Amino acid sequence: MKHILKILVNNHPGVMSHVSGLFTRRSYNIDSIAVGVTQDPEISNMVIVVKGDDSVVEQVKRQLLKLPDVIDVEDLAYHDCISRELVLVVVKVEDSNRTEIISICEVFQAKIADLTKTTMTVEFSGNTRQVEHFMEMMQKYGIQEIARTGQIALKYRSN
Amino acid sequence: MPKTEAKISGARLMVELLEEYGVDIVFGYPGGAILPFYDELYKSTKIKHILVRHEQGAIHMAEGYARSTGKLGVCIATSGPGATNLVTGLTDAKLDSVPILAITGQVATNAIGTDAFQEADIYGITIPITKYNALIKSADDIARHFQEATLVALGGRPGPVLLDFPKDVQTELTSVRKVDKLKIDSRHYQKPPIGGDLDSFAAALNKAKRPLLYVGGGAINANASKEIRELAEKGNIPVTTTLMGIGAFPGTHQLSVGMLGMHGTAYANKAVLECDYILNLGARFDDRVAKPGEFAENAIRAHIDIDTAEFNKRVSVDYLLHGDLKEVLKALIPKVNKVDRPDWVGFLDTLKKNHPLEFDDSSDTIKPQGFLQKLYEKSKGKAIVSTDVGQHQMWAAQYYLFEEANRWLTSGGLGTMGYGLPAAIGAKFGNPDKTVICVSGDGSIQMNIQELATIAMYKKGVKILIFNNNFLGMVRQWQELFYEERFSESEWNYNPDFVKLGEAYSIKGLRISNKSEIDKALEFFLEDEDARILEVMIPAEEKVFPMIPAGKSQKDMIEFSDTVRAGKK
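In this text the structure is predicted, and so the values were computed from the model without any measurement. (Residues numbered from 1 in each chain as written. Chains lettered and ligands numbered in written order. Predicted model: local features only at pLDDT ≥ 70, side-chain atom pairs only at ≥ 80, totals over all residues. Heavy atoms only, no water.)

(A) View of the overall build of chain B. Counting its regular elements, chain B contains 22 helices and 20 strands. In terms of its C-alpha atoms, chain B occupies a principal-axis envelope of roughly 75 × 60 × 40 Å. Buried residues in chain B amount to 59% of all 569 residues. Restricting the contact set of chain B to residue pairs at least 6 apart, pairs at least 24 apart contribute 76%. Split by element, the accessible area of chain B, about 22100 Å² in all, is 50% carbon and sulfur. Within chain B, one finds 66 positive and 73 negative side-chain charges whose respective centroids are separated by 3 Å. (Helix = DSSP H or I, 4+ residues; strand = E, 2+ residues; numbered from the N terminus. Buried < 20%, exposed > 50% of the residue type's maximum accessible area, 1.4 Å probe, protein only. Contact = heavy atoms within 4.5 Å. Areas by Shrake-Rupley, 256 points an atom, 1.4 Å probe, with all protein chains shown as cover. Lys, Arg positive; Asp, Glu negative; His and termini not counted. Charge placed at Lys NZ, Arg CZ, Asp CG, Glu CD.)

(B) Here's a closer look at the packing of aromatic side chains. Residues and elements named next belong to chain B. Inspection of the entire model under this criterion finds 21 aromatic pairs over all chains. Pairing Tyr214 with Phe295 gives two aromatic rings, centres 5.6 Å apart and planes at 55°, and the pair type is tilted. Taken together, the positions of Tyr214 in strand β9 (residues 211–215) and Phe295 in the loop between β12 (277–281) and β13 (300–305) put the pair 81 residues apart, joining distant regions of the chain. For the pair Tyr214 and Phe295, one class covers both residues: buried. Where Tyr376 meets Tyr400, the ring centres are 5.2 Å apart and the plane angle is 80°; that geometry is what we call edge-to-face. On the criterion of sequence distance, the pair formed by Tyr376 in helix α15 (residues 368–378) and Tyr400 in the loop between α16 (391–399) and β16 (408–409) is long-range, its members being 24 residues apart. (Phe/Tyr/Trp six-rings, centres within 6.5 Å; stacked < 30°, edge-to-face > 60°.)

(C) Structural detail: the domain arrangement of chain A. Residue and element names in this part refer to chain A. What the domain assignment reports for chain A is domain 1 (2–76) and domain 2 (82–155). The C-alpha-based centres of domain 1 and domain 2 are spaced at 28 Å. Taken residue by residue, the interface counts 10 residues in domain 1 and 8 residues in domain 2. For the interface between domain 1 and domain 2, the tally reads 1 salt bridge. Counting every contact that joins domain 1 to domain 2 gives 2 residue pairs in polar contact (both at pLDDT 80 or more). A class-by-class count of the residues in the side of domain 1 that touches domain 2 yields 6 nonpolar, 1 polar and 3 charged. (Domains from an automatic or database assignment. Salt bridge = Lys/Arg side-chain N within 4 Å of Asp/Glu carboxyl O. Polar contact = N/O pair within 3.5 Å; in protein donor to acceptor, adjacent residues only side chain to side chain. Nonpolar A, V, L, I, M, F, W, Y, C, P; charged D, E, K, R; others polar.)

(D) Focus on the packing of α15 of chain B against α16 of chain B. Residues and elements named next belong to chain B. The N-to-C vectors of α15 and α16 enclose an angle of 45°; their axes lie 9 Å apart at closest approach. Taken together, α15 and α16 sit at an angle that is classed as oblique. The two elements α15 and α16 cross, and the hand of that crossing is right-handed. Residue-level inspection shows Pro368, Gln369, Leu372, Gln373 and Tyr376 of α15 in contact with α16, the latter providing Trp395, Ala396 and Tyr399. (Axes fitted to C-alpha atoms, helices over the stretch in contact; angles between N-to-C directions. Parallel < 35°, antiparallel > 145°, perpendicular 65-115°, else oblique. Left-handed = near helix turned anticlockwise from the far one by under 90°.)

(E) Layout of the interface of chain B and chain A. Contacts between the two partners involve 16 residues from chain B and, on the opposite side, 15 residues from chain A. When the area that chain B buries against chain A is broken down by residue, the three leading residues are Ile127, Lys183 and Arg187 of chain B, summing to 32%. Joining chain B to chain A, the criterion identifies 1 salt bridge. Linking chain B with chain A are 8 residue pairs in polar contact (both at pLDDT 80 or more), by the criterion used here. For the side of chain B that touches chain A, the residue count by class is 6 nonpolar, 3 polar and 7 charged. (Buried area = accessible area lost by both parts, 1.4 Å probe.)

(F) Expanded view of the packing of helix α1 (residues 10–21) of chain B against helix α2 (residues 35–43) of chain B. Residue and element names in this part refer to chain B. Running from amino to carboxyl end, α1 crosses α2 at an angle of 50°, the nearest separation of the two axes being 8 Å. Considering their axes alone, α1 and α2 lie oblique with respect to each other. When the axes of α1 and α2 are compared, the crossing they make is right-handed. Between α1 and α2, the residues in contact are Ala11, Arg12, Met14, Val15 and Leu18 and Pro36, Phe37, Glu40, Leu41 and Lys43, respectively. Residue classes in the contact of α1 with α2 are distributed as 7 nonpolar, no polar and 3 charged.

(G) A look at the UniProt feature "domain: ACT" (unreviewed entry) in chain A. Under the local residue numbering, the UniProt record ascribes the feature "domain: ACT" (unreviewed entry) to residues 4–78 of chain A. Structurally, residues 4–78 of chain A comprises 31% helix and 41% strand, and the distance from its first C-alpha atom to its last is 7 Å. (UniProt positions renumbered as here; feature names shortened; annotations may be inferred.)

(H) Up close: the sheet that holds β12 of chain B. Residues and elements named next belong to chain B. Read from one edge to the other, the open sheet built from 6 strands follows the order β11-β10-β9-β12-β13-β14, with strand pairing classed as parallel. Because the sheet does not close on itself, it has two edges, and the strands there are β11 (256–259) and β14 (319–322). Direction aside, the axes of adjacent strands within the sheet are offset by 15° on average. Where β9 lies against β12, 5 bridges are found, and the strand directions are parallel. In the strand pairing of β12, Leu212 is matched with Ile278. Lying over the sheet, helix α9 (residues 198–207) contacts β9, β12, β13 and β14, oriented at roughly 135° with respect to β14. (Pairing = 2+ DSSP bridges.)

(I) Region of the structure containing the nonpolar core. All names here are of chain B. Ranked by size, the top nonpolar core spans 56 residues in total, and within it Phe295, Phe371, Leu372, Leu465 and Val536 carry the most contacts. Ignoring anything within four residues of it in the chain, the contact list for Leu372 reads Trp395, Ala396, Tyr399, Tyr400, Val439, Leu465 and Phe467. Listed in part, the 45 residues of the second largest apolar core include Ile50, Met61, Val436 and Phe498. (Core = buried A, V, L, I, M, F, W, Y, C linked by side-chain atoms within 4.5 Å.)

(J) How the structure looks around the sheet that holds strand β19 (residues 508–512) of chain B. Residues and elements named next belong to chain B. Read across the open sheet, the 6 strands follow the order β16-β15-β17-β18-β20-β19; overall the sheet is parallel. Two strands close off the open sheet at either side, each with one partner strand: β16 and β19. In terms of strand pairing, strand β17 (residues 436–441) meets strand β18 (residues 462–468) through 6 bridges, oriented parallel. Paired with Val439 across the strands is Leu465, a residue of β18. Its contacts with the sheet place helix α17 (residues 420–430) against β15 (384–387), β16, β17 and β18, and it is angled at close to 180° to β17.

Structural data, given as structure tokens:
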């Protein structure tokens, strides 16, 4: 089961090691980790995506709350959060398929960030499923390089 | 805004903060990167510094001091190797929840990260083994870090904290002596409110026919002995303790069934199998006690702990209460019915009679179990006892009974050989009027034997008992039982002459090997306030029973009588 942990932490060096160390200790593989400062410059927001059964994730959550630099931990369920990931993909292009790739990008609302005679760098953001789907579409043209940010997430306010 | 006063150096401030906090003794070892601090310590009239022979000795002394007094234990080391020598002690203190403040020197801030002489990233190294740690980057931050560290060390579930103190920060001038606002949340040091439903918790306990209290080290940290006794006596509930919980309930009480787990008493382990309700008070369902899925499987399981991360960690429970154990018990006891349980208590009394702790005492050789019984009688059960790790530790846990908490010092979670001698020294500094006995083995004692010098230097009357079987006894026991007697690297024939070694440090010693010598030896051992070494030669094949093999449950316990029946004792 996938969990999205939203962790509010004090914004200073070493906190990342403290937090990620807790996962390492339990030999947990972190799927993605993204950190950014919040509206309060003293506080950062970490979003960690992990796979694991509920009871073990609950354990990690409680251990996290014991760290003095951790302010709050929330386990966001997939269905009630907005999650986004940004990906930059470099694909090979030829004269014959350039328009085809551009039209796929249009459908996905992906932005073309750079273009050369032989490559195209595309910027796409969406939830993990959309990103996976987009990458699948790009696959057939030959992906040369990828940079992904990892997921960030916020809870829906509407309900 | 911080309050401003005349400027003083960071090192001066650290010493003043320690003084103001009430620290009157620190254990340490100087070195280049901590010299400004030592220079200020030199001028202090309030803090006594105990010079050790190895930093590991310093931190175990601080642990022994902290555990026997209930106060914060403080140790000092220099940067690099000094700091890394604290790592075992920090881990030990983390696993056994001992409040320790370690202050380490660090290379100057402009040299950090350059592989400077005697540089180690002790902040990074100790992240997983401390409750809180910080690299102090400016003298203006000292006051805040000091306050946060001490609050965290003693707050909630206690533990070790480390402040890494760069040399230039020690000499930097600051006027920030007090802090108005801490960065850490108050939940890390304030007592939590009671969490959970007291009424349904009490109702389940009241319904039980054969309840059992299972008491851990948390009971000692919460100072909850009085309440545990009240609960046990009110409900006539038998009590078993973990290795760490020894002393939280009087070992001689009629309701005590002693220690449970791998080398617990047969009656405690059988009580776990027979009970219909088990209440864990500040223990952590450790793997030497509880096998998940098979621990008290027929019983309702309940748990009270200050650390929510312990709930359902290894063994799932039916009822739980979060909070300071003393406070929770105070709230719970009025809701618990006063009941006599003649059948259940009587059943356990019969078990105690039929399955006592046993050993073969027929020969003239000295049996450690019998020796410890005598030691218990001669010292009237009043001593503070520290141990190392191995067979002697388990025999001491089984045969030396304690009436009070904070008298039993042992490395429970980490199982640190080398803990006993320095812990005893630390305890003696904290309790100069009490008899302090270190029970050790010929293997363990050699792991921190250099601290004999500390005993000699400060004339501390620590009594050192060494059970010598020329083996790593517990390793041998496992090899005999589970590795077809292949004694791979557990036998050693090159022990020093411990008595002569003591003499080299002006500590009187005696070696005995025959049962007839025990009484005289104990007299010599305990006669006055001086340090003593007593080396007791014991048979190598002597084993600790009962035993639950690793990874097995209470159902698989082997008793001494089982081995006699099988013809191999």
